[in-house]
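Structural overview
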Amino acid sequence: MAQAHSHDQHDSNIYYVPHGSRWPVIASVALFTTMLGFASWLNEASWGRPVFFAGLVFLALILFKWFADVITESIRGYYNKQVDTSFRMGMVWFIFSEVMFFAAFFGALFYARQYAMPWLGGEGDGVMTNALLWDGFSAAWPSNGPGAIGGTYQTIPAWGLPLLNTLILLSSGVTVTIAHHALKAGHRKQLLLFLGLTVLLGALFLFFQAEEYIHAYTELNLTLGSGIYGSTFFMLTGFHGAHVTLGTIMLAIIWLRCLKGHFSKDDHFAFEAVAWYWHFVDVVWLGLFLFVYVL
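First, a word on what this report is: a plain description of the structure on this page. (Residues numbered from 1 in each chain as written. Predicted model: local features only at pLDDT ≥ 70, side-chain atom pairs only at ≥ 80, totals over all residues. Heavy atoms only, no water.)

Under the definition given, this model contains 3 salt bridges. Linking Lys65 and Asp69 is a salt bridge whose minimum nitrogen-to-oxygen distance equals 2.8 Å. Remark: Asp69 and Lys65 occur in helix 2 (residues 48-75); sequence separation between them is 4 residues, near one turn of the helix. For Glu272, the salt bridge is made with Arg88, and the minimal N-O distance between the two is 2.7 Å. Separated by 184 residues along the polypeptide, Glu272 in helix 8 (residues 269-294) and Arg88 in helix 3 (residues 81-120) bring together distant segments of the chain. On the basis of relative accessibility, which here comes to 15%, the residue Glu272 falls in the buried class. (Salt bridge = Lys/Arg side-chain N within 4 Å of Asp/Glu carboxyl O. Helix = DSSP H or I, 4+ residues; strand = E, 2+ residues; numbered from the N terminus. Buried < 20%, exposed > 50% of the residue type's maximum accessible area, 1.4 Å probe, protein only.)

Given below as structure tokens:
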């Protein structure tokens, strides 16, 4: 087993173990505060919204300091190949957890459409449920359920802003890949140009998604409270938008680090990790576009 060493040692056969950090515990408190505020906000508690934003700011500040410590350790040369392997494994497991996170919401959408709706409409074992409770209910998708929760609403056409955002995200996947190849080839100007374009495309995606949400709430009466369709629509697209926001911020930070010359063509895992995350965000959006908007 590899052993720890002090900060002034850089033997490639010795594994660097950082000093005890308080950031994981404090970040957990900030994350709990954020989610508590968000859940309370959704349940219309008066204190939910300010608590959510306070927790979000608190979490952002903590992550900024935590990542600053990691960047400083990396620049000073504390990390070796073994640490690099640990980082890669950690990022793989993190993305896997994100895959499972979205799988739960896609699963809820699939269950509601393929099972719950037909049962409420009287198919299979739901004959008596329909006859006794929801007589006359038509199991058509999209639906706000037999109780018509949220009232009448309209859906967002797939071939408008959703298609445009799909093209934007696919283009951003191309630009970040070009930037990665430029980094490995040592082409600094090309790296900064295409990585900067990726950041701009991410911000443009978020702008159009905000426009879509405003249109849905103000003109279509499509809200988070519009039954099963509204809840699954906004939970899937909303959490994806949160991931795009995080990814765009990370890409911007990586751009600044590239500008400062933090990476070499052989040592740039932070860039690779963010690129992996961004490609994951792209793939999730393709699933959203297909199953939420088109179908």
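Our focus in this paragraph is the packing of aromatic side chains. Using the criterion set out here, one finds 30 aromatic pairs in the structure. With 5.0 Å between their ring centres and 90 degrees between their planes, Phe205 and Trp285 make a pair best called edge-to-face. One end of the pair, Phe205, is in helix 6 (residues 188-218); the other, Trp285, is in helix 8, with 80 residues separating them in the sequence. The burial state of Phe205 is the same as that of Trp285; both residues are buried. Aromatic rings pair up to connect Trp141, Tyr153, Trp159, Phe205, Tyr213, Tyr217, Tyr229, Phe233, Phe234, Trp285, Phe289 and Tyr293 into one cluster. (Phe/Tyr/Trp six-rings, centres within 6.5 Å; stacked < 30°, edge-to-face > 60°.)

Our next topic: the environment of Val244. Turning to its location among the elements, Val244 is positioned in helix 7 (residues 227-259). By relative accessible area, which is 0% here, Val244 ends up buried. Each C-alpha atom of the pair Val244 and Leu169 lies 9.5 Å from the other, and the pair is 75 residues apart in sequence. When sequence neighbours within four positions are dropped, the list of residues in contact with Val244 reads Gly202, Phe205, Leu206, Trp278 and Val281. (Contact = heavy atoms within 4.5 Å.)

That bond from Trp141 to Pro142 is cis: its omega, 5 degrees, falls within 30 degrees of zero. With respect to the helices and strands, Pro142 occurs in the loop between helix 4 (127-132) and helix 5 (161-185). Backbone geometry places Glu44, a non-glycine residue, at a positive phi of 65 degrees. When you line up the elements, Glu44 lands in the loop between helix 1 (23-42) and helix 2. Note on Glu44: relative accessible area 74%, which makes it exposed. Of note, Asn221 is a non-glycine position whose phi angle comes to about 55 degrees, a positive value. Mapping Asn221 onto the fold places it in the loop between helix 6 and helix 7.

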